[in-house]
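Survey of secondary and tertiary structure
The residues making up each chain are set out below.
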Amino acid sequence: RPSPNEHVTRPGPSPLEPRSERARGTTATAFIWLGMAALFWIAWQLSAALMLIFAGLVFAAGLRSAEQLLGRAVKASHAVRLTIVVLVFSAAVVAFIAFAGVSIAAQAQQLSTTLESQIGEIAARAGEYGIRIPHGDVIAAAKAQVGGQLGRVTALLGSVVAGLGSMLLVITLGIYFAADPRLYERGVEWLTPEAARPQVAATIAAMSLVLRRWIAGRVLTMVLEGVFIYIGLALVGVPLAGVLALVSGLLAFIPTLGAMVSGVLIVAVGFSAGTSEGLWAIGIYLAVQLLEGNVLTPLIEKRAVDLAPAVVLGAQLLFGVLFGILGVALADPIVAAPKVA
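Now for a look at the structure at hand. (Residues numbered from 1 in each chain as written. Predicted model: local features only at pLDDT ≥ 70, side-chain atom pairs only at ≥ 80, totals over all residues. Heavy atoms only, no water.)

A separate point is the overall build of the protein. Summing up its helical and strand segments, the protein has 13 helices and zero strands in all. Secondary structure elements of the protein, listed N to C terminal, follow the sequence α-α-α-α-α-α-α-α-α-α-α-α-α. Looking at the protein as a whole, 30% of its 341 residues qualify as buried. Summed over its atoms, the accessible surface of the protein is roughly 21900 Å², and 72% of this surface lies on carbon and sulfur atoms. (Helix = DSSP H or I, 4+ residues; strand = E, 2+ residues; numbered from the N terminus. Buried < 20%, exposed > 50% of the residue type's maximum accessible area, 1.4 Å probe, protein only. Areas by Shrake-Rupley, 256 points an atom, 1.4 Å probe, with all protein chains shown as cover.)

We now examine a nonpolar patch on the surface. There is a patch of nonpolar side chains on the surface, built from Val-219, Val-223, Val-227, Phe-228, Tyr-230, Ile-231, Leu-235, Leu-291, Val-295 and Leu-299 and spanning about 890 Å² of accessible area. Broken down by secondary-structure element, the contributors of at least two residues to the nonpolar patch are α7 (197–236) and α10 (275–304). Ranked by residue count, the leading element in the nonpolar patch is α7, at seven residues. Within the secondary structure layout, Leu-235 lies in helix α7. According to the relative accessible area criterion, Leu-235 is exposed, its value standing at 72%. (Patch = residues over 30% accessible without salt bridge, like charges linked within 9 Å, V, L, I, M, F, W, Y side chains within 5 Å. Salt bridge = Lys/Arg side-chain N within 4 Å of Asp/Glu carboxyl O.)

It is worth spelling out the nonpolar core at this point. Counting 29 residues, the largest nonpolar core has Phe-54, Val-58, Leu-63, Val-305, Leu-330 and Ile-334 as the members making the most contacts within it. Listing elements by their share of this core, those giving two or more residues are α2 (47–71), α3 (78–128), α5 (150–179), α7, α11 (309–323) and α13 (331–340). Looking at which element gives the most residues to this core, the answer is α2, with nine residues. Apart from the residues within four sequence positions on either side, Ile-334 is in contact with Met-51, Phe-54 and Phe-319. Of all hydrophobic cores here, the second largest spans 13 residues; its members include Ile-229, Ala-281, Ile-284 and Tyr-285. (Core = buried A, V, L, I, M, F, W, Y, C linked by side-chain atoms within 4.5 Å. Contact = heavy atoms within 4.5 Å.)

For the structure shown, the criterion picks out five aromatic pairs. With 6.2 Å between their ring centres and 50 degrees between their planes, Trp-44 and Phe-323 make a pair best called tilted. With Trp-44 in helix α1 (residues 21–45) and Phe-323 in helix α11, this pair connects stretches of sequence that are 279 residues apart. With centroids separated by 5.1 Å and ring planes inclined at 90 degrees, the aromatic side chains of Phe-177 and Tyr-184 adopt a geometry described as edge-to-face. Of the residues examined, Phe-177 reaches a relative accessible area of 16% and is grouped as buried. Three or more aromatic residues link up through ring pairs in this structure, and these residues are Trp-44, Phe-319 and Phe-323. (Phe/Tyr/Trp six-rings, centres within 6.5 Å; stacked < 30°, edge-to-face > 60°.)

With respect to the secondary-structure elements, Leu-326 resides in helix α12 (residues 325–329). When residues no more than four places from it in sequence are discounted, the contact partners of Leu-326 are Met-51, Leu-52 and Ala-55.

Moving on to the side chain of Arg-81. Summarising the element assignment, Arg-81 is placed in helix α3. One polar contact links the side chain of Arg-81 to the main-chain carbonyl oxygen of Ala-76, over a distance of 2.5 Å. If near-sequence neighbours (up to four positions away) are discounted, Arg-81 is found in contact with Glu-67, Leu-70, Gly-71, Val-74 and Ala-76. (Polar contact = N/O pair within 3.5 Å; in protein donor to acceptor, adjacent residues only side chain to side chain.)

Right, let's get into the pattern of salt bridges. One pass over the structure, following the stated rule, counts four salt bridges. A salt bridge links Arg-81 to Glu-67; the nearest nitrogen and oxygen atoms lie 2.4 Å apart. In this pair, Arg-81 sits in helix α3 while Glu-67 sits in helix α2, placing the two residues 14 residues apart along the sequence. No difference in accessibility class separates Arg-81 from Glu-67, as the two residues are buried. Here Glu-189 makes a salt bridge to Arg-182, at a shortest N to O gap of 3.1 Å. Judged by its relative accessible area of 36%, Arg-182 is partly exposed. Connected through salt bridges with shared partners, the residues Arg-182, Glu-185 and Glu-189 form a single ionic network.

Structure representation (structure tokens):
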């Protein structure tokens, strides 16, 4: 037993004991990293839903841009202006479906009639050389072949229905977000420390502005591309110029991939009308793409979101591999919004 005057030195806690400052700090850091890893894992598992939610935010930005533009001419409340924008958008979608559906149905009927007449002519020519081709049986065999592909057609229709359901969800989310954006912005601010909320609010406002500017620039590009293609195809006599212009304008929302798909459609329809029309269709398509890719898009998007072309192309490639067509379409705002933050 030590004497009263002798000082006793007690050893400190082990670094592994919970009451150690080092252990508490290490444990807290470990839980933070584990939480971040779990958060990223959950986000990856929910990536499809998160992409649809982000698409809804982008659509809401477009609605707000149109509503604010309408506010310059119409002195009305936010709800009234937004209702007008939604009604105009709905009417445009219905008009496009009706116009495109009637034109495609008429073209399909014309194509069926042409095929039957061509088969009959081939059978008649073969009969002149003693070769009997029962063209009625040929048509029946072709129909049977088409019937054998019913399973694939059903699967395709299922994909189309799923895509339409996702589009309806995006539109619904966009309308909700645009109707009362401050409700959701306050919710995000509430999740942050009180001292940082003014800066968070400013960041959200800046990100919202970038999204609105991006969607406005994209819509302008779509309209100009559709107008140029319609004028060019109509002048050279390519059939379905209006439908091709509408489809090309809509596909212009999807960078690179949309231009490739619209180009295939334009060239195919052009050559169905004749060799000269097909060559003109190729020339018009290339001219519009050169104008859009080298003049319109760089000028508009540089002013709207200030992204380097290589960064945009790399983001489209990366998000296209990860998330498909939706990733390609939303690559620009996905990069632009965090850049602001």
